[in-house]
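Residues per chain are reported as follows:
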Amino acid sequence: MTDPQAGLGPSPSAGRFPLEGRRALVVGGSGGIGRAVCRALAARGAAVVVHGGSSRARLDETLAELRGLGTAAAAEGLLLPLRRPSDLLGRLEGLGRIDILVCAFGPFVRKRLVDTSAAEWETLALLDLALPGALCSALLPAMASRGWGRMLLFGGTRTDAIRSYASNAAYAAAKTGLAVLAKSLAAEGAGSGVGCLLVCPGLVETEYLGEAERSKLQEKAPRGRLLTPEEIAETAVGLLAAEPCVASGAVLNLDGGLAL
Ligand SMILES: NC(=O)c1ccc[n+]([C@@H]2O[C@H](COP(=O)([O-])OP(=O)(O)OC[C@H]3O[C@@H](n4cnc5c(N)ncnc54)[C@H](OP(=O)(O)O)[C@@H]3O)[C@@H](O)[C@H]2O)c1
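Every chain begins its residue count from 1, and numbering advances along the sequence as written. Local features in this predicted model are restricted to residues whose pLDDT is 70 or higher, and side-chain atom pairs enter the listing and the counts only when it is 80 or higher, whereas totals over whole chains, interfaces and linings include all residues. Excluding hydrogens and water, the side-chain figures rest on all heavy atoms present in the structure.

What follows covers the site of the ligand. Near, as used in this document, describes a residue that has one of its heavy atoms within 4 Å of the molecule or strand being considered. The local shell around the ligand holds 29 residues, among which Ser-30, Arg-58, Ala-104, Tyr-171 and Tyr-208 are the closest. A distance of 2.7 Å separates an oxygen atom of the ligand from a polar side-chain atom of Ser-30. The definition of a polar contact used here is a pair of N or O atoms within 3.5 Å, where within protein one atom must be able to donate a hydrogen and the other to accept one, and adjacent residues in sequence count solely through side-chain atom pairs. The contact in question runs from an oxygen atom of the ligand to an N or O atom on the backbone of Ile-33, over 2.8 Å. Areas reported as accessible are Shrake-Rupley estimates using a 1.4 Å probe. Residue values count occlusion only from the protein chains shown. In the complex, 84% of the free accessible area of the ligand, which totals 890 Å², lies under the protein chains. Elements with a minimum of two residues in the shell around the ligand: α1 (32-43), β2 (47-52) and α5 (169-189). For the purposes of this entry, the term helix denotes a DSSP run of H or I that reaches at least four residues, the term strand denotes a run of E that reaches at least two, and both are numbered from the N terminus.

For our purposes a nonpolar core is just a set of buried Ala, Val, Leu, Ile, Met, Phe, Trp, Tyr and Cys residues, chained together by side-chain atoms within 4.5 Å. Each residue is assigned to one of three classes by its accessible area relative to the maximum for its type, calculated with a 1.4 Å probe on protein chains only: buried under 20%, partly exposed between the two thresholds, exposed over 50%. Counting 35 residues, the largest nonpolar core has Val-37, Leu-41, Val-102, Leu-152 and Phe-154 as its most contacted members. Ignoring any residue separated from it by four or fewer positions in sequence, one finds Leu-41 in contact with Leu-19, Ala-24, Val-26, Ala-46, Val-48, Ile-100, Val-102 and Val-237. What makes two residues a contact is simply this: any of their non-hydrogen atoms within 4.5 Å.

Let's shift gears to the pairing of strand β5 (residues 149-154). Most of β5 sits out of view: six of its six residues are buried. Neither face of β5 is open: one carries Gly-149, Met-151 and Leu-153, the other Arg-150, Leu-152 and Phe-154, and all of them are buried. We call a crossover right-handed when, viewed with the strands running away from us, the connection from the first strand over the helix to the second turns clockwise. Remark: the strand β4 (residues 100-103)/helix α4 (residues 118-146)/β5 crossover connection has right-handed handedness. By the convention used here, strands pair only if DSSP detects at least 2 bridges between them. Here β5 pairs with strand β6 (residues 194-201) via six bridges, running parallel.

All right, on to the pattern of salt bridges then. The term salt bridge refers to a pairing of a side-chain nitrogen on Lys or Arg with a carboxyl oxygen on Asp or Glu at a separation within 4 Å. By the definition in use, this model includes 17 salt bridges. For the salt bridge of Glu-65 with Arg-35, the shortest nitrogen-to-oxygen distance reads 3.2 Å. Of the two residues, Glu-65 sits in helix α2 (residues 56-67) while Arg-35 sits in helix α1, which places them 30 residues apart along the sequence. Among the residues examined, Arg-35 registers a relative accessible area of 11% and is labelled buried.

Written out as structure tokens, the structure reads:
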């Protein structure tokens, strides 16, 4: 009988802690959906490096929450505002072994095409597309050489296909491009145990929403209810933790049937 764990790197225990022995980096993990992803990873036994942008308090709260889960995995923090991929790529080596990469941070600009500046195009292309792309390229070889790795990317709401957008074309263009990254990674990583998933969340309730925006989104949401970060994270991380990663290459709308 063949050993199903053969060639999978450090010995994970199946069952309750399927990610035990794995180490994750969650970019944008200190708030919103990223924070729920950190909890879902830690609850499955992974050690987590939580990246945050500018709020030390939010990052510390997230780390305390993870340490309080009692799953005995380590939680470390990295506070680093990002303007371009090289800001983080230069720090990767110092972060040590990364088995799971999650790119949650995804800046949004609500503007019509005619009002979108060159600087905004540049920022969104760099942070919503080039940053996840460059991180995946940098981390794939080591994951592949160890025979195990996972990447979780976040698209925008309904950016699973080529569509037109009235008020956020620059953001959606970058997010739609992530599907090429996810499918290419899945194909390139398939032979060496590296899986990649692209999740396109629906309308999600986070601490970053202002009152006006929240009620506008609630009007559009199925039954007037926004999704919770936990609902997105649990589904995404559950698929990511599966062995083998049967969902690798999937572009998944987690939006509860949203019709915009
Ligand atoms: N929320 C939704 O309804 C929704 C819908 C569809 C898709 N998405 C996608 O899902 C992902 C998560 O979205 P989200 O709304 O939960 O949060 P988000 O605003 O994309 O990310 C929040 C995280 O990014 C960090 N961050 C913010 N600005 C930063 C900067 N300049 N440099 C480095 N880090 C920075 C935050 O840290 P600080 O708190 O310290 O700033 C926090 O850790 C994104 O990719 C988004 O595009 C979200």
